[in-house]
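Single-letter residue listing:
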Amino acid sequence: MTTCKDCAFFFSIPEDADDFEKSKGDCVTQKDDEKGRYWLSKPVFENDQCCGAFHKR
Ligand code: SF4
C-alpha cells in the first residue's frame, strides 16, 4: 500500500517541534488561484493511505 511517507508533499515534524509525534508529518500542497499562489498544510501520519493528490518523491 502506498502511504503518505512516500509522497513528495509529506514533511516530517522535527523532534524539537512543539507538535512532534512519532510518524507525524505535515502534508503541504501548493495551490494557485486568481489572487496568487499559497500553500495548504494539514497534519498526516506516515502510514496514512495516500490520497488523490499523491505525488511520488
Ligand atoms: S495526504 Fe495526499 S498529498 Fe498529502 S502527503 Fe498524503 S498522499 Fe501526499
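Bear in mind that the values here come from a model prediction, so they are computed numbers and not experimental data.

Describing the overall build of the protein
Here's step 1: Scanning the protein for helices and strands turns up 0 helices and 3 strands.
Here's step 2: When the helices and strands of the protein are listed from N to C terminus, the series reads β-β-β.
Here's step 3: Considered along the principal axes of its C-alpha atoms, the protein spans approximately 35 × 30 × 15 Å.
Here's step 4: Within the span of the protein, comprising 57 residues, buried residues form 18% of the whole.
Here's step 5: Relative to all contacts within the protein whose residues are 6 or more apart in sequence, the contacts with residues 24 or more apart total 42%.

Structural notes on a nonpolar patch on the surface
Here's step 1: Residues Tyr38, Trp39 and Leu40 make up a contiguous nonpolar surface patch of about 330 Å² in total accessible area.
Here's step 2: By the secondary structure assignment, leucine 40 is in strand 3 (residues 36-45).

Things to note about the site of the ligand
Here's step 1: In the vicinity of the ligand, the contacting residues are Cys4, Cys7, Phe9, Cys27, Lys42, Cys50, Cys51, Ala53 and Phe54.
Here's step 2: When the residues that make up the shell around the ligand are grouped by side-chain class, the tally is 8 nonpolar, no polar and 1 charged.

Focus: the sheet that holds strand 1 (residues 10-12)
Here's step 1: In spatial order, the strands read 1-2-3; together these 3 strands make up an open sheet with antiparallel pairing. Two strands bound the open sheet, and with one partner strand each, they are strand 1 and strand 3. Here the strands of the sheet are splayed against their neighbours by 30° on average, with no regard to which way each runs.
Here's step 2: Relative to strand 2 (residues 24-33), strand 1 runs antiparallel, the two sharing 3 bridges. Note that in strand 2 the partner of serine 12 across the bridge is glycine 25.

Rules used throughout
- Residues numbered from 1 in each chain as written.
- Predicted model: local features only at pLDDT ≥ 70, side-chain atom pairs only at ≥ 80, totals over all residues.
- Heavy atoms only, no water.
- Helix = DSSP H or I, 4+ residues; strand = E, 2+ residues; numbered from the N terminus.
- Buried < 20%, exposed > 50% of the residue type's maximum accessible area, 1.4 Å probe, protein only.
- Contact = heavy atoms within 4.5 Å.
- Patch = residues over 30% accessible without salt bridge, like charges linked within 9 Å, V, L, I, M, F, W, Y side chains within 5 Å.
- Areas by Shrake-Rupley, 256 points an atom, 1.4 Å probe, with all protein chains shown as cover.
- Salt bridge = Lys/Arg side-chain N within 4 Å of Asp/Glu carboxyl O.
- Near = heavy atom within 4 Å.
- Nonpolar A, V, L, I, M, F, W, Y, C, P; charged D, E, K, R; others polar.
- Pairing = 2+ DSSP bridges.
- Axes fitted to C-alpha atoms, helices over the stretch in contact; angles between N-to-C directions.

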